[in-house]
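Coordinates in review
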Amino acid sequence: MNPLQRAAGSRIAAARVGIGGPVGSGKTALVERLIPALMARGVDLAIITNDLVTAEDAERIRRSGLIDPARVSAVEAGACPHTVIREDPTLNIEAADDLERRFPGVELILIESGGDNLASTFSRDLTDFWMFVIDVGGGDDIPRKRGPGVIRCDTLVINKTDLAPYVGVDLERMRQQALAVRDNRPVLLTNCRKGEGIDAVVSAIERDVLFRA
Amino acid sequence: MLRLHGVLGHESDTLYHARLHALEHHDGIELLFVPSEEAGRKRFRLATDRGTDCAVSLARGEELVDGALLYIDEEKAIVARFGRQRVWRLRPAHAAAALKLGWNAGNLHWRVRFEEDCLAILLDGPLAGYRARIAHLLDAGDIVELADV
């Protein structure tokens, strides 16, 4: 039997994309830019945010007016954020399952981790693809430190590119060093405040996760 | 792009044996080599050994195994092949070393299996990176490497 014929009889689960990275690197800002960009391309979307002991990021996105607030779920880690995206991602898996039950047509669920450190990674049980967001304000030595988040993610996003001249960062050298430690796997540059570089992130999701191109 | 969803069966299934055998004679079997560290993925995009661009998705409860049949028609079949999982086996020299090794493996989030008196570490990256993390235990003779991976 052709797998496509087989698939026609059973709904294909929504793709789950993780977004991790250090505190303040711009994960929520990236989500806020991705929502309208993905919706403009017709992607049926839902969001999960992770915070330590609040629903701060979820409330920020719900209030943004960018998406139906019912499509935004909050997970409170209660401990180190990586514990609920890697060691025991049950809370996030249940939140994603719940969104799929409530919104049967959803194609993509973005799962934003709480701010963590360079060792943070996502479990394959939770996500199909994950991005790690760092920013130039953290210093251009971040890629050279070879944190597992930087090395293992499917796409590394270097955000706040507009700040490079003000913090003494050679952006192109930082990008080259990131590519070198990642064996040339994808590195994208964004300035989420102005929406620069977002199209490339959306295209990567469409190509590698949603299989649209 | 060939969009594939779900595992049809296994190449050893009697249900598919005759058709796969016939396709084999016509050079119609394509192999999709999946790196062992990527085996847990439920969605991925990879090219077969013949260059067919495959966009693969699995159900959440479904698992990809070596020999999984992903596609079959009159012209060709696509079968998943896994690279061999690299395993680094370590034997602690004494109980205190075993505690230290266990602590390090847990703290470093290594994927491990327990094999009697050895710890088998399933490698997701270069061995040198792993070895560097417990070099002090190896140098002191607290941990013995059983074999190269």
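Residues numbered from 1 in each chain as written. Chains lettered and ligands numbered in written order. Predicted model: local features only at pLDDT ≥ 70, side-chain atom pairs only at ≥ 80, totals over all residues. Heavy atoms only, no water.

Helices and strands together make up the secondary structure of chain B, namely 4 helices and 11 strands. By the compact-globule yardstick of 15 Å for 149 residues, chain B is too spread out, its C-alpha radius of gyration being 20 Å. Considered along the principal axes of its C-alpha atoms, chain B spans approximately 60 × 25 × 25 Å. In chain B, which comprises 149 residues, the share counted as buried stands at 43%. For chain B, the proportion of contacts with a sequence separation of at least 24, taken over those separated by at least 6, is 63%. Accessible surface, chain B: about 7800 Å² in total, of which carbon and sulfur atoms supply 54%. A distance of 6 Å separates the average location of the 19 positive side-chain charges in chain B from that of its 23 negative side-chain charges. (Helix = DSSP H or I, 4+ residues; strand = E, 2+ residues; numbered from the N terminus. Rg over C-alpha atoms; globule rule 2.2 N^0.38 Å. Buried < 20%, exposed > 50% of the residue type's maximum accessible area, 1.4 Å probe, protein only. Contact = heavy atoms within 4.5 Å. Areas by Shrake-Rupley, 256 points an atom, 1.4 Å probe, with all protein chains shown as cover. Lys, Arg positive; Asp, Glu negative; His and termini not counted. Charge placed at Lys NZ, Arg CZ, Asp CG, Glu CD.)

Next up on the list: a nonpolar patch on the surface. Residues and elements named next belong to chain A. On the surface, Leu163, Tyr166 and Val167 cluster together into a nonpolar patch covering about 310 Å² of accessible area. On the secondary structure map, leucine 163 appears in the loop between strand E6 (155-159) and helix H6 (171-181). Note on leucine 163: relative accessible area 32%, which makes it partly exposed. (Patch = residues over 30% accessible without salt bridge, like charges linked within 9 Å, V, L, I, M, F, W, Y side chains within 5 Å. Salt bridge = Lys/Arg side-chain N within 4 Å of Asp/Glu carboxyl O.)

Take the nonpolar core next. Residue and element names in this part refer to chain A. Within the largest apolar cluster, 32 residues are counted, with the highest numbers of intra-cluster contacts made by Ile48, Ile109, Phe132, Ile134, Val150, Leu156 and Ile158. The biggest single contributor to this core is H6, with 4 residues. Discounting chain neighbours no more than four positions away, the residues touching isoleucine 109 are Ala14, Ala15, Arg16, Val17, Ala46, Ile48, Ala96, Leu99 and Glu100. (Core = buried A, V, L, I, M, F, W, Y, C linked by side-chain atoms within 4.5 Å.)

The next thing to look at is unusual backbone geometry. Residues and elements named next belong to chain A. Of note in this structure, lysine 160 is not a glycine but carries a positive phi near 60 degrees. Looking at the element boundaries, lysine 160 is found in the loop between E6 and H6. Residue lysine 160 is classed as partly exposed on the basis of its relative accessible area, which comes to 25%. In the Ramachandran plot, phenylalanine 211 falls in the positive-phi region, its phi being about 55 degrees despite a non-glycine side chain. Tracing the chain through its elements places phenylalanine 211 in the segment after helix H7 (198-208).

Take the interface of chain A and chain B next. The extent of an interface is frequently quoted as the accessible surface area lost upon association of the parts. Tallying the contact residues gives 23 residues for chain A and 24 residues for chain B. The contact between chain A and chain B buries some 2200 Å² in all, and 49% of this surface belongs to carbon and sulfur atoms. The tally of links from chain A across to chain B stands at 2 salt bridges. Across the salt bridge formed by Asp154(A) and Arg41(B), the nearest N and O atoms sit 2.4 Å from each other. (Buried area = accessible area lost by both parts, 1.4 Å probe.)

Scanning the model with the defined rule gives 27 salt bridges over all chains in all. The residue Arg91(B) makes a salt bridge to Asp117(B) at a minimum N-O spacing of 3.0 Å. In this pair, Arg91(B) is assigned in strand E8 (residues 87-92) and Asp117(B) in the loop between strand E9 (111-115) and strand E10 (118-122), connecting sequence segments 26 residues apart. Take Asp117(B): its relative accessible area is 44%, and that puts it in the partly exposed class. In this structure, a network of salt bridges that share partners links the residues Arg41(A), Glu107(A), Asp199(A), Glu206(A) and Arg212(A).

Looking now at the sheet that holds strand E2 (residues 9-10) of chain B. Spatial ordering of the open sheet is given by E2-E6-E7-E3 (chain B), a layout of 4 strands whose pairing is mixed. The two strands at the open ends of the sheet, each matched to only one other strand, are E2 and strand E3 (29-34) of chain B. (Pairing = 2+ DSSP bridges.)

As a further point, take the packing of aromatic side chains. Residue and element names in this part refer to chain A. According to the stated counting rule, one finds 4 aromatic pairs over all chains in the structure shown. Ring centres of phenylalanine 122 and tryptophan 130 lie 5.7 Å apart, and the angle between their planes is 50 degrees; this geometry places the pair in the tilted category. Ring centres 6.4 Å apart and planes at 85 degrees place the aromatic pair tryptophan 130 and phenylalanine 132 in the edge-to-face group. Among the residues examined, phenylalanine 132 registers a relative accessible area of 0% and is labelled buried. Linked through ring pairs, Phe122, Trp130 and Phe132 together constitute an aromatic cluster. (Phe/Tyr/Trp six-rings, centres within 6.5 Å; stacked < 30°, edge-to-face > 60°.)

Our next topic: the environment of Asp183(A). All names here are of chain A. Looking at the secondary structure, you find aspartate 183 in the loop between H6 and strand E7 (187-189). The exposed category is assigned to aspartate 183, whose relative accessible area is 66%. The spacing of aspartate 183 and valine 209 is 26 residues in sequence and 21 Å in space, taken between C-alpha atoms.

For the rest of this paragraph, the subject is the domain arrangement of chain B. According to the domain assignment, chain B contains domain 1 (2-82) and domain 2 (86-145). Placing a centre on the C-alpha atoms of domain 1 of chain B and another on those of domain 2 of chain B gives a separation of 34 Å. (Domains from an automatic or database assignment.)

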